[in-house]
Amino acid sequence: GLCEVLPAAAGDAPAATAFAIGLARSEAGAGGAIVWISDEMSIRQRGALHAPGLRAHGLDPARIVLVRAADARQTLWAIEEALRSPAPAAVIGEVHDAARHCDLAATRRFLLAARAGGALGVILHGAPPPGALSTAARERFEVRALPGHWRPSAGGRLPVFGAPAWRASRLKGQGGPGLDVTTSDEREFAGAALSQPLDPRRARG
């Protein structure tokens, strides 16, 4: 299907990216390919993917096919074509000003293409939308960064930062809003090792 990942605030964009990577990795399994499509403005504002960082998130960079589009129009076309292909297991699309470009019509095309190709489509917003969203995405997640946890260093003298922590809340999805997940290691959120259990009664937004 198709889902959206939104940062709760502008500074939460890296946490939203980590969550999108986790979603794609979970869908792709051990060996599936992931197509990552970005336009030039998104890369200028948020930077390009960093191979050591991907490995830190449990994802082999060799599994990612990078597509760099010149503008939003080309990015939308590339996302739709990648979703229609049976080759990738997941497609992540970064579109500058996604709230404006990924409207109901565009996301309907994405959803139909995802159903035809069988891949998971993830629309990654670089900033919180200025207003209400009207899209065909089946799920929408809002991600907020949390303070990291200190852990002892190898020598035991000084503490160092441990794994990053974030909270993902489902704003839209099957059964309505209510998924609220907090984790300190995004490599584990697809399994049972969550630092906070799922509670369908807790909703945000």
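Note that residues are indexed from 1 along each chain, following the sequence as it is written. In keeping with the model being predicted, local features are shown solely for residues with a pLDDT of at least 70 and side-chain atom pairs are shown and tallied solely at 80 or more, while totals for entire chains, interfaces and linings include all residues. As a rule here, side-chain values cover all heavy atoms of the structure and leave hydrogens and water aside.

## Examining the overall build of the protein
Secondary structure assignment for the protein yields six helices and 10 strands. Only protein chains enter the calculation, and the probe is 1.4 Å; a residue is then buried if its accessible area is under 20% of its type maximum, exposed if over 50%, and partly exposed in between. Buried residues in the protein amount to 46% of all 205 residues. The contacts of the protein with a sequence gap of at least 6 include a subset with a gap of at least 24, amounting to 69%. In the form shown here, the protein has an accessible surface area of approximately 10200 Å², with 55% of it arising from carbon and sulfur atoms. In DSSP terms, a helix is any run of H or I states spanning at least four residues, a strand is any run of E spanning at least two, and both are numbered starting from the N terminus. For this analysis, residues touch if any pair of their heavy atoms sits within 4.5 Å. To be clear on the numbers: accessible area is Shrake-Rupley with a 1.4 Å probe, and residue cover counts the displayed protein chains and nothing else.

## Examining the pattern of salt bridges
Should a side-chain nitrogen of Lys or Arg be within 4 Å of a carboxyl oxygen of Asp or Glu, the pair is scored as a salt bridge. Per the stated rule, a full pass over the model turns up six salt bridges. In this structure, Arg109 engages Glu80 in a salt bridge whose closest nitrogen and oxygen atoms are separated by 3.3 Å. Here Arg109, found in helix α6 (residues 104-117), pairs with Glu80, found in helix α4 (residues 72-84); they are 29 residues apart in sequence, far enough to count as distant. A residue is classified by how much of its surface remains accessible, and Arg109, at 37% relative accessible area, is partly exposed. It is possible to trace a salt-bridge network through shared partners that takes in Glu80, Arg84 and Arg109.

## Quick notes on α6
A helix is expected to span 1.5 Å multiplied by its residue count minus one. Spanning 14 residues, α6 covers 20 Å between terminal C-alpha atoms, matching the ideal 20 Å at 1.5 Å per step. Listed in full, the buried residues belonging to α6 are Ala106, Thr107, Phe110, Leu111, Ala113, Ala114 and Gly117. Mapping the buried residues of α6 onto a view down its axis gives an arc of 165°, with all of them on the same face. In α6, those exposed residues whose orientation departs by more than 90 degrees from the buried face are Arg108, Leu112, Arg115 and Ala116. Two residues or fewer past α6, Gly118 is found with a positive phi of approximately 90°. Our arc is simply the arc of the directions from the helix axis toward the C-beta atoms.

## Brief notes about the environment of Ala114
Relative to the helices and strands, Ala114 resides in helix α6. A relative accessible area of 3% places Ala114 in the buried class. If sequence neighbours within four positions are ignored, Ala114 has contacts with Gly1, Leu83 and Ala119.

## Observations regarding the nonpolar core
In these notes, a set of buried Ala, Val, Leu, Ile, Met, Phe, Trp, Tyr and Cys residues joined through side-chain atoms within 4.5 Å is what counts as a nonpolar core. Val5, Phe19, Ile34, Ile92 and Val143 are the most contacted members of the largest nonpolar core, which has 26 residues in total. Of all the secondary-structure elements, those providing two or more residues to this core are β1 (2-7), α1 (13-28), β2 (34-39), β4 (90-94), β5 (120-124), β6 (139-146) and β9 (165-172). Per-element tally for this core: the top contributor is α1, with nine residues. Excluding its chain neighbours within four sequence positions, the residues that come into contact with Ile34 are Ala24, Arg25, Ala28, Leu59, Arg63, Ile64, Val65, Ala90 and Ile92. Among the nonpolar cores identified, the runner-up in size contains 21 residues, and Ala78, Ala98, Ala114 and Ala137 belong to it.

## A few points about the side chain of Glu94
Mapped onto the elements of the fold, Glu94 is located in strand β4. A distance of 2.6 Å separates polar atoms of two side chains, one belonging to Glu94 and the other to Ser38. Apart from the residues lying within four places of it in its own chain, the contact partners of Glu94 are Trp36, Ile37, Ser38, Asp39, Ser42, Arg46, Thr75 and Leu124. For the purposes of these results, a polar contact is taken to be a pair of N or O atoms within 3.5 Å, where, inside protein, one atom must be able to donate a hydrogen and its partner to accept one; residues adjacent in sequence count only when each atom of the pair is a side-chain atom.

## Observations regarding the packing of α4 against α6
Orientation is described by axes fitted as lines to C-alpha atoms, over the contacting stretch for helices, and by angles from 0 to 180 degrees between their N-to-C directions. Running from N to C, α4 and α6 cross one another at 25°; their axes reach a closest spacing of 6 Å. As judged from the angle between their axes, α4 and α6 are roughly parallel. Touching Leu76, Ile79, Glu80, Leu83 and Arg84 of α4 are Arg109, Phe110, Ala113, Ala114, Ala116 and Gly117, all from α6. Under the scheme applied, nonpolar residues are Ala, Val, Leu, Ile, Met, Phe, Trp, Tyr, Cys and Pro; charged residues are Asp, Glu, Lys and Arg; polar residues are all the others, including Gly. Of the residues in the contact of α4 with α6, the class split is seven nonpolar, one polar and three charged. Reported orientations rely on four angle classes, namely roughly parallel under 35 degrees, roughly antiparallel over 145, roughly perpendicular from 65 to 115, and oblique for the rest.

## Describing α1
Over its 16 residues, α1 runs 22 Å from end to end, which matches the ideal 22 Å to within 8%, given 1.5 Å per residue. Across the 16 residues that make up α1, a large majority, 13, are buried. Following α1 by one or two positions, Gly29 adopts a phi angle in the positive range, close to 70°.

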